[in-house]
Amino acid sequence: MTLQDFFVAGPYDDGHAVTGHYYEIASPDPARPQVWGYTDQISYAPGQTLVLHAMSSAPTARVEILRDGLVPHKVLDTQVAMSFEPTQQDCSVTGCGWPERLRMTLPHDWPSGVYVLRLTVAGHQSDHMFVLKSAKPQGVLFILATGTWCAYNDWGGSNHYQGITGPHRAEFAPVVSLHRPWAKGFVHWPQDAPRIPHASPLLSKPRYPHMDYARAKGISKKYASSGWAAFERPFALWAEAQGIGLSYATQHDLHANPDLLAGYARALIVGHDEYWTWEMRDHVDAWLDQGGELARFAGNFFWQTRLSKDLTQQTCYKYAAPQTDPTPDPTRLTSYWDHPQVARPAVATMGLTGSMGVYAGWSRCAAHGSGGFAIYRPDHWSLKDSGLGYGDVLGAAAKIFGYEVDGIDYTMTHGLPFAAPDTGLQGDLTIVGLSPATTLAHSTGPQDADAFIGHLDAEEVALVVYGSVTPETLGRASRGNGCMAEYRRGLGAVYNAGSCEWVAGLIAQDAVVERVTRRILSGPWAE
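Residue positions within a chain follow its written sequence, with the count starting from 1. With the structure being a predicted model, the display of local features is reserved for residues of pLDDT at least 70 and the display and counting of side-chain atom pairs for 80 or more, all residues being used for whole-chain, interface and lining totals. Just so you know, side-chain values use all the structure's heavy atoms and leave hydrogens and water out.

1. Some words on the overall build of the protein chain
The condition is simple: Secondary structure elements are defined from DSSP: runs of H or I of at least 4 residues count as helices, runs of E of at least 2 residues count as strands, and each element is numbered from the N terminus. Values of the radius of gyration come from C-alpha atoms, whereas the globule rule sets the reference at 2.2 Å times the count of residues to the power 0.38. Burial status follows relative accessibility: with a 1.4 Å probe on protein chains alone, a residue under 20% of its type maximum counts as buried, one over 50% as exposed, and anything between as partly exposed. By the convention used here, residues are in contact when the closest approach between their heavy atoms is within 4.5 Å. Each accessible area is a Shrake-Rupley result for a 1.4 Å probe, and residues are judged covered by the shown protein chains and nothing else. Charged residues are defined here as Lys and Arg on the positive side and Asp and Glu on the negative side; His and the ends of the chain fall outside this count. Just so you know, the charge point we use is NZ for Lys, CZ for Arg, CG for Asp and CD for Glu.
From N to C terminus, the protein chain includes 12 helices and 27 strands. Relative to a compact globule of 527 residues, whose C-alpha radius of gyration would be 24 Å, the protein chain shows 22 Å and is just as compact. C-alpha atoms of the protein chain, sized along the principal axes, occupy 70 × 55 × 45 Å. Sorting the 527 residues of the protein chain into buried and exposed places 61% on the buried side. If you take every contact in the protein chain between residues at least 6 apart in sequence, the share linking residues at least 24 apart comes to 72%. For the protein chain, the accessible surface area stands at approximately 19,600 Å², while carbon and sulfur atoms represent 53% of it. Mean positive and mean negative side-chain charge positions of the protein chain (39 and 52 charges, respectively) differ by 3 Å.

2. Brief notes about the nonpolar core
Keep this limit in mind: Among buried residues, those of type Ala, Val, Leu, Ile, Met, Phe, Trp, Tyr and Cys that are joined through side-chain atoms within 4.5 Å constitute a nonpolar core.
Counting residues in hydrophobic clusters, the biggest one holds 90 residues, and the most contacted among them are W182, F235, Y248, L268, L394, M484 and W502. With seven residues, helix α4 (residues 228-242) is the largest single contributor of residues to this core. Residues V284, Y317, Y376 and L429 belong to the second largest nonpolar core, which totals 38 residues.

3. Details of the pairing of strand β5 (residues 49-56)
Definition in use: For two strands to be treated as a pair, DSSP must find no fewer than two bridges joining them.
Burial of β5 is extensive: seven of the eight residues sit out of reach of the surface. Note: strand β3 (residues 35-39) against β5, five bridges, orientation antiparallel. Bridging across to β5, Y38 finds its partner in H53. Bridge analysis of β5 against strand β8 (residues 100-105) gives five bridges, and the strand direction is antiparallel. Its bridge partner lying in β8, L50 is registered against M104.

4. Description of the sheet that holds β3
What counts is decided by this rule: Where helices are involved, their axes are fitted lines through C-alpha atoms of the stretch in contact, as for all axes, and angles between N-to-C directions lie from 0 to 180°.
With antiparallel pairing, the three strands of this open sheet are ordered in space as β3-β5-β8. Sheet topology places β3 and β8 at the edges, where each strand pairs with a single neighbour. Pairwise comparison of adjacent strand axes, ignoring direction, gives a mean angle of 20 degrees for this sheet.

5. Quick notes on empty space enclosed by the protein
The condition that has to hold: Site definitions follow a grid-based scheme: protein atoms alone, a 1 Å grid, a 1.4 Å probe that fits but cannot get out for cavities, and for pockets an open set with protein on both sides within 12 Å along at least five of seven lines, plus lining residues having an atom within 4 Å of a point. Grid points are joined across faces, edges and corners, and a volume is the space filled by probe spheres set on the points. Residues are grouped as follows: nonpolar covers Ala, Val, Leu, Ile, Met, Phe, Trp, Tyr, Cys and Pro; charged covers Asp, Glu, Lys and Arg; every other residue, Gly included, is treated as polar.
Tallied over the full model, the rule gives three cavities of 30 Å³ or more. Of the voids in this model, the largest cavity is the one considered here, and its volume is about 60 Å³. T39, D40, Q41, I42, H128, M129, L178, H179 and W182 are the residues that line the largest cavity. Grouping the amino acids of the lining of the largest cavity by side-chain chemistry returns four nonpolar, four polar and one charged. Here the second largest cavity is characterised by a volume of approximately 40 Å³. Considering the residues around the second largest cavity, the lining is formed by H21, Y22, D154, G157, N159, Q162 and K222. A class-by-class count of the residues in the lining of the second largest cavity yields one nonpolar, four polar and two charged.

6. Topic: unusual backbone geometry
The omega angle of the peptide bond from G402 to Y403 is -25 degrees, so this bond is cis rather than trans. Here the phi dihedral of V358 falls at roughly 80 degrees; this positive angle occurs in a residue that is not glycine. Mapped onto the elements of the fold, V358 is located in strand β19 (residues 353-360). Even without being glycine, D385 reaches a positive phi, approximately 65 degrees.

7. Observations regarding the sheet that holds strand β18 (residues 313-315)
A sheet is described by the order of its strands in space; here four strands give the open sequence β12-β18-β17-β15, paired in mixed fashion. In this open sheet, the two edge strands, each paired with only one partner strand, are β12 (175-177) and β15 (275-277). Along the sheet, successive strands turn relative to each other by an average axial angle of 40 degrees, direction set aside. Where β12 meets β18, three bridges bridge the pair, whose relative direction is antiparallel.

8. A short note on the layout of surface pockets
The volume enclosed by the largest pocket comes to roughly 1,100 Å³. The residue inventory of the lining of the largest pocket, partitioned by class, reads 21 nonpolar, 11 polar and 11 charged.

9. Side note on the pattern of salt bridges
For the record, the criterion: Only one rule defines a salt bridge in this text: a Lys or Arg side-chain nitrogen within 4 Å of an Asp or Glu carboxyl oxygen.
For the structure on display, the rule yields 23 salt bridges. Among the salt bridges present, the one from D77 reaches R62, with a minimum N-O distance of 2.6 Å. Remark: R62 occurs in strand β6 (residues 60-67) and D77 occurs in strand β7 (residues 73-81); sequence separation between them is 15 residues. Exposure remark for D77: the relative accessible area of 39% places this residue in the partly exposed category. We note a salt bridge from E85 to R101, for which the minimum N-O separation is 3.7 Å. Here E85, found in the loop between β7 and α1 (91-94), pairs with R101, found in strand β8; they are 16 residues apart in sequence, far enough to count as distant. The structure contains a network of salt bridges with shared partners spanning D282, D285, D289, R344 and R489.

10. Observations regarding the environment of L260
Topologically, L260 is positioned in the loop between α5 (251-256) and β14 (266-272). When the C-alpha positions of L260 and V284 are compared, they lie 9.4 Å apart, and in sequence the two are 24 residues distant. Apart from residues no more than four positions distant in its own chain, L260 is found in contact with L141, A249, T250, D253 and L254.

11. Some details on the packing of aromatic side chains
The geometry of an aromatic ring pair is captured by two quantities: the separation of the ring centres and the angle between the planes. As a reminder, the rule being used: Each Phe, Tyr or Trp ring (for Trp, its six-membered ring) is paired with any other whose centre lies within 6.5 Å, and the angle between the two planes then decides the class: stacked below 30 degrees, edge-to-face above 60, tilted in between. Only when the NZ of Lys or the CZ of Arg is both within 6 Å of the ring centre and within 35 degrees of the ring normal is a charge said to sit over the ring.
Under the definition given, this model contains 37 aromatic pairs. Ring geometry for F302 against W303: centres 5.1 Å apart, planes inclined by 55 degrees, an arrangement best described as tilted. Just as F302 is buried, W303 falls in that class too. Ring centres of F373 and F401 lie 5.0 Å apart, and the angle between their planes is 85 degrees; this geometry places the pair in the edge-to-face category. Of this pair, F373 sits in strand β20 (residues 373-375) while F401 sits in the loop between β21 (393-394) and β22 (403-407), and the two are 28 residues apart along the sequence. Per residue, the accessibility class of F373 equals that of F401, and both read buried. Here the aromatic residues F142, W228, F235, W238, Y248, F297, F373, F401 and W502 are joined through ring pairs into a cluster of three or more. Over the ring of F6 we find R32, and its NZ or CZ is 3.8 Å from the ring centre. One Lys or Arg, R344, reaches over the ring of W278 and ends 4.5 Å from the middle of that ring.

Listed below in structure tokens is the structure:
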């Protein structure tokens, strides 16, 4: 299959949409029409200075800035001088290093939100984005999952999953840079693109339609896994239509500013917040203990990361961390939060953890499950006026349960689930709904085995969390779940609807999912 637009094959690309490695990068040909750019920071406060770095084959480029929303609002339209600049092979790690093209002070009358920065020359257009914070607390604080955006962004060839790093240019990048464009599909969702959940026929090789689509159409392989467009944008559009006021900030802001949450009674996380720093957790924990309420419609709380002092580079050695992470402090190992050396269980902050859940609704991982949350406590305040009863399933038609979910070890007593002892919780957890998930892509043999997820993730969880890979630990690692749960910590609480795909119910305008979301986001957290 011929790659589209500016996508190129990696050194060891096998041509397969799922197992292959291809990526978008600027062309080395100065005559080819192109324009690319990035900002010096991922977010700004009003009055701060935005700096655009860019390159182009053309001597000038049109630069537009639009606040994204139900009706995007253009706030800038200008021409900027450009020149062609080379793009270094290691730009994913060290940044592109392109010259400054535009410097501007962000006005105080621009509202908080996500702003698209559009670059256009004859024959090519590319989009970047930045976040404008609120000058003072207003509404619900929407914390965008920028740690995961950085981890999945494969522009330039490398991310935390695949890459062109290492001596043979075949390794993922444990360090990634913000100083590069966002991968295609991260800013705007392709109109006809499939989401990740997909149930392939039983006894057949599992298919991944979203990755087939991406390779065929010239879109980042990770478009459906992360980025503004996949999860947070559709939630923001829904909230805007509902008249729910949001202020915007990033995980990077949360890391750098211990007072970011001060003045907010409630905060929001949506989609896929897989990557967190120690400092981010510190600041959320302190706010929760003082009475804050966090509404989380997201899944896969999993990896510890580190950020550089200037916030432009993110580090995560992942499964290789015990052997390769240079940190002298074992608690800062960029591995699972549930790694014994880290000694800070994920559930202590969120009430749930990715290592007890992970995959649902795709591959051979609970792909033929219900697609929703089975309800066990219909009398909980979060389900008030929903009409749901015991055993009903919330969001099945829209497949809100997937593609990665968070759960907890639990016991059943008289038909009700309770968190198991010694999970690491620091408060009471009330499980409202749950469904099965797994880290294991089951198969009956080579004819229906999955080459993408397979058994390696289950083995890794068994090794890291349970200390060894045996039939018993592999079974424990592969029998997971995803929960809707209320977690009381200190004076505050987390309502954790632990699924990446919750937003699919809002996209589909599922009336019950909308009603429950509105109750959690805007209503009182009590009976």
